[in-house]
Amino acid sequence: MTRHLTPKAALLTAGFILLTVSANPAFAREPAQVNYQVLLLRQELSVQKNGAYTDSIDRVIQPLTMAGVQSQSQMQIGYPANFARVHILEAYTETASGVKHPVPADAIYTQSSPDALSAPFLSDGRIQSVVFPAVAPGDTLHIRYTIHYDHPYLPGIYAISTLLAPNVPVSKAQIILHTPAAKKLYAAQQGDAWHAVSISPAKDAASRSFETSLSKVSYPPLGSPALTQYAPLAVISTAEHWTEVAKAYNQLATPAMQMTPELQKAAEHIAHGTTGLDAVKVIYHWMQKNIHSVSINYANAGFTPPSASSTLQRGVGDSNANAVLLCTLLGALHIEAVPAMISTSARFHPYPAVDPFAFGHFLVYVPAYHLFLDPTSRYAGIHSLPLEDAGRPVLITGKNPRMTQTPLPDLSLPLIDKHSQLRLSASGTMHDQTVEIRRGYAAQDIRSALMGSKGRMLMKGLRNGFYEQGDLGQLESIAFQNRKKLDQPLGLKTSAVKNGLFIPGHSVAMILPTDTSMAKPLQAFTAESVRTTPSLINPSYTQSDISLKLPQGYQPAYLPKNIDVQTSVGSYSIHYALSGQTLKIDQRLKLPEFVISAKDYPALHQLAILSSNSTREGLLLVKGFTKR
């Protein structure tokens, strides 16, 4: 995540996400119960003629269980202390019998935000914490407070948005934006849960408001995308087009990209005489190795980046700072590059209206080569974005601003291409020689996991992984190709011995060796045959060729049926063929999309079941058996 530049004053405010739900299949599903409910969420943003504005929030929350008490009895309010101030107007716990317990003064305290502690030169973020007293299930927590901002986050832009999580009941939610009458207001929503409310604006003011309630709760299943992809979202903004955000950001970023003799000298030294695309590669990879990245929450830090020269001197920055530095270094070599605003959440279409807080990260766009680069990613090649940057809405800034989409992962070649030579002995021992080629984000994943490991520490880590997968035997050796050449496919060559695959005898049974990694991305979709919400997968293209040399004198009693399925969401195939004593198993999985609609979900479920079943297919070998 990054931070932004500063000339004029701008404004926007982050909306409330009442509850976030992870889309990562590795996380357990939320318990199917309601732990708390929102009785009132009212947020009113009032813009003054001088450009300052005040955000007024009124919340009433009722914990229903002890889990709800634990999660809601302490509220945290984040804000940028360099241009905003928080005032708690009222805070108390009200019991079911109507007794009020005010929050004592010493239970309201201020502390630095985590990003301000890790990088104080990038963020002046503060957190106002409010600890409610004597909270029990069924009580209600009341709080009213204001945040006054001296100026907007981005010059001239004011916005308010609220997202409702489907698993939290809401009796009433309302957002209101008041501006001087000279400013136009634009409002839109995702879905139809919100409805416009007529309010009487003050004299010489314009106002827009949305209101909703949510009584029927649902629980997004494992493998769901970000809530902003499909849940009820309302936005009110003074900006009609996303390009207005880009232009406002330019006002902040342009001074930070001012060329200095130090920057010019550094760019020429790093490039070492290279030009064009070669220079882009050299500068980009130098940044990845030499400029450390930290994460910044822009709601607490603002969008003004530090100067490129200060980031170069410090050797550390957030994504905003690092994007500005990379653009400036490339500009020193007469290569145009501009920052591009993006969100790394699992959301693949823009907000229904303009809210700058739809973005939380920065890339760099190089128009001459249509390249998007992420200088905060240590292991990305020049033509391959990290997975969390791919296929997302992206706002290109600079002199030709526009909203577009970052490239999807390149599936023209397999991301993982595995070739295994297996030799099985009659004692149940298998010798495994495997060569694996990884491209794109699949190569980044391995390079990141390896980090700086080498020698004994590297082999120890790999052997631990070997045993954690349930293998018996020994990982004997591993070799890499292009481990440090980020623009080249990563090659891995392993040699292993696996023991105890079966008990020797006239007839032996074992699990057929297949590439079990193909089933892992789809495990979250095996349990349910139908879904009502969209599903999230990682685009992938994996192929595996296994050649299994059988023990002399043994033959399969039968071969599993070949599978070759093409669906609306992707394809899966596994083919078995016997030639003499060699059994060949060819396996393919291709999933080109990130988001699968509820309509297409049954096809995804079908592929998940097929790939999962192939990992448990049995192989029966019979000595002296003649197949007819």
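In case you missed it, the structure is sitting above this.
Note that this is a predicted model, so its numbers are computed, not measured.

Each value, and the rule that gives it
Residues numbered from 1 in each chain as written. Predicted model: local features only at pLDDT ≥ 70, side-chain atom pairs only at ≥ 80, totals over all residues. Heavy atoms only, no water. Axes fitted to C-alpha atoms, helices over the stretch in contact; angles between N-to-C directions. Helix = DSSP H or I, 4+ residues; strand = E, 2+ residues; numbered from the N terminus. Parallel < 35°, antiparallel > 145°, perpendicular 65-115°, else oblique. Contact = heavy atoms within 4.5 Å. Nonpolar A, V, L, I, M, F, W, Y, C, P; charged D, E, K, R; others polar. Buried < 20%, exposed > 50% of the residue type's maximum accessible area, 1.4 Å probe, protein only. Salt bridge = Lys/Arg side-chain N within 4 Å of Asp/Glu carboxyl O. Phe/Tyr/Trp six-rings, centres within 6.5 Å; stacked < 30°, edge-to-face > 60°. Pairing = 2+ DSSP bridges.

J.: Give a detailed account of the packing of helix 4 (residues 261–271) against helix 5 (residues 276–290), specifying residues and quantitative values.
T.: Close contact between helix 4 and helix 5 brings their axes to 9 Å; oriented N to C, the two are set at 105°. Comparing their axes, helix 5 and helix 4 come out roughly perpendicular. The segment helix 4 lies against helix 5, with Ala 267, Ile 270 and Ala 271 engaging Val 282, Ile 283 and Trp 286. Residue composition of the contact of helix 4 with helix 5, by class: 6 nonpolar, no polar and no charged.

J.: Describe the side chain of Ser 612, listing the residues and the values that go with them.
T.: Position of Ser 612 among the secondary structure elements: in helix 11 (residues 601–614). The exposure class assigned to Ser 612 is buried, which follows from its relative accessible area of 16%. Those residues in contact with Ser 612, other than ones at most four positions away along the chain, are Ala 519 and Thr 526.

J.: Residue-level account of the pattern of salt bridges, with values.
T.: Throughout the structure, instances matching the rule amount to 11 salt bridges. Salt-bridge contacts for Glu 44 lead to Arg 42; the nearest nitrogen and oxygen are separated by 2.8 Å. When the shortest N-O distance is used, the salt bridge between Arg 438 and Glu 436 registers 2.5 Å. One salt-bridge network, in which partners are shared between bridges, spans Lys 418, Glu 436, Arg 438 and Asp 515.

J.: Explain the packing of aromatic side chains to me, using residue names and the numbers behind them.
T.: Note on aromatic pairs: each is described by the distance of the centres and the angle between the planes. Applying the stated criterion across every chain yields a total of 15 aromatic pairs. For the pair Tyr 53 and Tyr 149, a centre-to-centre distance of 4.4 Å together with 10° between the ring planes defines the contact as stacked. A residue pair is termed long-range when its members are at least 10 positions apart, and Tyr 53 in strand 2 (residues 53–63) and Tyr 149 in strand 8 (residues 140–149) qualify at 96 residues. Judged by its relative accessible area of 0%, Tyr 53 is buried. On the basis of an interplanar angle of 70° and a centroid distance of 5.3 Å, the ring pair of Trp 242 and Phe 359 is categorised as edge-to-face. Highlighted residues: Trp 242 in helix 3 (residues 242–256) and Phe 359 in the loop between strand 17 (338–342) and strand 18 (361–366), separated in sequence by 117 residues. On the basis of relative accessibility, which here comes to 5%, the residue Phe 359 falls in the buried class. Ring pairing ties together the aromatic residues Tyr 53, Phe 83, Tyr 149, Tyr 153, Tyr 158, Tyr 249, Tyr 298, Phe 303, Phe 357 and Phe 362, which thus form one cluster.

J.: A description of helix 9 (residues 440–450) should follow, citing residues and the corresponding values.
T.: For helix 9, every residue scored as buried is listed here: Tyr 441, Ala 442, Ala 443, Gln 444, Arg 447 and Leu 450. One or two steps after helix 9, the chain reaches Met 451, where phi turns positive at roughly 45°.

J.: Run through the sheet that holds strand 8, naming residues and quoting values.
T.: Paired through their backbone hydrogen bonds, the strands of a sheet run either parallel or antiparallel. The strand order across the open sheet built from 8 strands is 5-4-8-2-1-10-13-12, with neighbouring strands paired in mixed fashion. The open sheet is flanked by strand 5 (100–102) and strand 12 (195–196), the only strands paired with a single partner. Both strand 1 (residues 36–47) and strand 10 (residues 170–180) contribute to a ladder of 7 bridges, which runs parallel. Its bridge partner being in strand 10, Ser 46 is matched across the sheet by His 178.

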